[in-house]
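Breakdown of the fold
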Amino acid sequence: ERPALLTDIKVDIRTEPLTERYSLTPGKELGRGKFGVVRRCVEKHTGTEFAAKFVRKRRRGQDCRREVIHEVSMLELTSSCSRVINLHEVYETPSEMVLLLEYASGGDLFEQCVAEHTGAFSQEEVKVLMRQILEGVGFLHSNNIVHLDLKPQNLLLTSTNPLGDIKIVDFGLSRVVRENQELREIMGTPEYVAPETLNYEPITTATDMWSIGVLTYVMLTGISPFLGEDKQETFLNISQVNVSYTEEELEALDPSAICFIQAVLLKDPRARLSAEECLRHEWLRGPEWQPHTRKETCIGEEDPPHTPDKDPGVEELIVM
Ligand code: ADP
Ligand code: MG
């Protein structure tokens, strides 16, 4: 029961060589995904920089052009949201498709907060970034779109110094959720996958909210909360919601940040805060809404501490 991929796109697919109108910038690639590379390039007649995402049409011997068209379609659906990367043009060759995307020069959050432990964000920065992520995710959800692959690698920054704006990328796994149509599929990245996805239970917008919880934990501490020695252990940790709130890295944090994480890392999808509710949570809401009377109380977590592997592990796609 594979949910329908979108097939309608507005953009005209160009088939002439990319290099007629773009020059690929020599040097290191911007990123490498599962099915291709992302490289910097310059549109010759405007001098504007773009990120060219090259995606192979054949993967594991299967024609995946439909998947790429779906990704293009999703980017078109979200084009009015400033928190989502903008799609400029699309090229196609016999073997691959090339998506020309707005260039985010700050790189992804993985490089910023996981790979380089030293360059981790301050609590204030995490708040600023998380608000923007939630604005973007709130936009997606209000349009019945679930991203299903929210993780540091898929969240980019327009600049790092000063700290720029968040751009959500990689709609390869995203889907439109329809009221009367259940979506069940195993996908995503082990560390960020929600319990309902593992249990083959319906996927909803709340599935993204789980990833928001994992992401917040990672951004604040550099620790991936469910990562185990292997995939099996990671999945077990997730389905048991085996998360430690007693790590040393959490001690110095604003208690309302822990509250926030606990309000989304809940096994029952219906119990999790929505993106809108997250933005109104004590941790994130502006001082103008701060009540003067009382503090929200957290549920104390007395789980035995476990030490997750700090190695973020390889990005891996689970396919049924
Ligand atoms: P995949 O589907 O293979 O994961 P992504 O769209 O996530 O591909 O791109 C892979 C990586 O390339 C990202 O993690 C990011 O580091 C980099 N990247 C992608 N798009 C851009 C962009 N518009 N600007 C700068 N870097 C980008
Ligand atoms: Mg990606």
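For the structure itself, consult the block above.
Summarised in this report is the structure supplied together with it. Once a new chain begins, its residue numbering starts again from 1 and follows that chain's sequence as written. Following the order in which they are written, the chains are lettered starting with A and the ligands numbered starting with 1. Restriction of local features to residues with pLDDT of at least 70 applies here, the model being predicted, together with a cutoff of 80 or more for giving and counting side-chain atom pairs; totals for whole chains, interfaces and linings are based on all residues. In computing side-chain values, all of the structure's heavy atoms are included and hydrogens and water are not.

1. Digging into the overall build of the protein chain
To be explicit about the condition: Each helix corresponds to a stretch of at least 4 residues labelled H or I by DSSP, and each strand to a stretch of at least 2 residues labelled E; elements are numbered beginning at the N terminus. Using a 1.4 Å probe on the protein chains alone, a residue whose accessible area is under 20% of its type maximum counts as buried, one over 50% counts as exposed, and one in between counts as partly exposed. In this description, contact between two residues means that some pair of their heavy atoms is separated by no more than 4.5 Å. Each accessible area is a Shrake-Rupley estimate made with a 1.4 Å probe; only the visible protein chains count as cover when residues are assessed.
Along its length, the protein chain carries nine helices and 13 strands. Here the protein chain holds 320 residues, and the buried ones make up 52% of them. At a minimum sequence separation of 6, the contacts of the protein chain that also span at least 24 residues come to 67%. As presented, the protein chain carries roughly 15,500 Å² of accessible surface, and 49% of it is formed by carbon and sulfur atoms.

2. Re the coordination of the magnesium ion (ligand 2)
Test applied: A donor here means an N, O or S atom no more than 2.8 Å from the metal, or no more than 3.2 Å when the metal is Na, K or Ca. Since water is not included, a site may seem to lack partners.
Here the magnesium ion (ligand 2) is held by the protein donor atoms N154 (OD1) and D170 (OD), which lie 2.1 to 2.2 Å from it. On the criterion of sequence distance, the pair formed by N154 in the loop between β10 (145-146) and β11 (155-157) and D170 in the loop between β12 (166-168) and β13 (175-176) is long-range, its members being 16 residues apart.

3. Thoughts on the nonpolar core
Here is the rule we go by: Nine residue types can take part in a nonpolar core, namely buried Ala, Val, Leu, Ile, Met, Phe, Trp, Tyr and Cys, and a core is a set of them joined through side-chain atoms within 4.5 Å.
With 72 residues, the main nonpolar core has L109, M130, I133, L134, I212, M219 and F260 as its most contacted residues. Residue contacts for I133: discarding those within four places in its chain leaves L109, L155, I166, I168, I212, L215 and M219. In terms of nonpolar packing, the next biggest core, distinct from the first, is built from ten residues, L18, A52, F54 and Y91 among them.

4. A short note on the packing of helix α3 (residues 123-142) against helix α5 (residues 205-221)
We count it as follows: For helices, the fitted line uses only the C-alpha atoms of the stretch in contact; every axis is such a line through C-alpha atoms, and the angle between N-to-C directions lies from 0 to 180 degrees. Any angle that is under 35 degrees is reported as roughly parallel, and any over 145 degrees as roughly antiparallel; angles of 65 to 115 degrees are reported as roughly perpendicular and all others as oblique. Here a crossing is taken to be left-handed if its near helix is turned anticlockwise relative to the far helix by less than a right angle, and right-handed if that turn runs clockwise. Note that Gly is not counted as nonpolar here; it falls among the polar residues with everything else outside the nonpolar set of Ala, Val, Leu, Ile, Met, Phe, Trp, Tyr, Cys and Pro and the charged set of Asp, Glu, Lys and Arg.
Where α3 meets α5, the axes come as close as 11 Å, and the angle between the chain directions of the two elements is 165°. Between α3 and α5, the angle falls in the class roughly antiparallel. Two packed elements cross with a definite hand, and for α3 against α5 that hand is right-handed. Contact residues: Q123, V126, L129, M130, I133, L134, V137 and H141 in α3; T205, D208, M209, I212, L215, T216, M219 and L220 in α5. Split into classes, the residues belonging to the contact of α3 with α5 amount to eleven nonpolar, four polar and one charged.

5. Some remarks on the environment of A275
As for its position among the elements, A275 is in helix α9 (residues 275-280). Between the alpha carbons of A275 and G138 there is a distance of 5.1 Å; along the sequence they are 137 residues apart. The contact partners of A275, leaving out residues within four places of it in the chain, are L134, V137, G138 and M209.

6. Observations regarding the site of ligand 1
Stated formally: Being near a molecule or strand, for a residue, comes down to having at least one heavy atom within 4 Å of it. The term polar contact refers here to a pair of N or O atoms within 3.5 Å; inside protein, the definition further demands a hydrogen-donor-capable atom paired with an acceptor-capable atom, and it admits residues adjacent in sequence only when both atoms are side-chain atoms.
Near ligand 1, the surroundings consist of 18 residues, among which G33, K53, E102, D108 and Q153 are the closest. In the environment of ligand 1, an oxygen atom lies 2.8 Å from a nitrogen or oxygen atom belonging to the side chain of K53. One nitrogen or oxygen atom from the main chain of A104 is found 3.1 Å from a nitrogen atom belonging to ligand 1. In the complex, the protein chains occlude 93% of the 550 Å² of accessible area that ligand 1 would expose alone. Of all elements in the fold, only β5 (49-56) and β9 (96-102) reach the threshold of two or more residues within the shell around ligand 1. Split into classes, the residues belonging to the shell around ligand 1 amount to eight nonpolar, four polar and six charged.

7. Observations regarding the packing of α5 against helix α8 (residues 255-264)
Close contact between α5 and α8 brings their axes to 8 Å; oriented N to C, the two are set at 150°. Our classification of the angle between α5 and α8 gives roughly antiparallel. Between α5 and α8 lies a crossing whose hand is left-handed. Here M209, W210, I212, G213, T216, Y217 and L220 of α5 come into contact with α8, specifically with A257, F260, I261 and V264.

8. Here we look at the pattern of salt bridges
Cut-off, in case you're wondering: The working definition used for a salt bridge is a side-chain nitrogen of Lys or Arg within 4 Å of a carboxyl oxygen of Asp or Glu.
Tallied over the full model, the rule gives 17 salt bridges. Residue K53 is joined to E71 by a salt bridge in which the shortest nitrogen-to-oxygen separation is 2.8 Å. Residue K53 is located in strand β5, and its partner E71 is located in helix α1 (residues 65-77); the two are separated by 18 residues in the primary sequence. No difference in accessibility class separates K53 from E71, as the two residues are buried. For R83, the salt bridge identified is with E135, shortest N-O distance 2.9 Å. Of this pair, R83 sits in the loop between α1 and β8 (87-92) while E135 sits in helix α3; the two residues are 52 residues apart in sequence, bridging distant segments of the chain. We classify R83 as buried; its relative accessible area is 16%. A single network of salt bridges, built from pairs that share partners, joins R14, E16, R21, E43 and E89.

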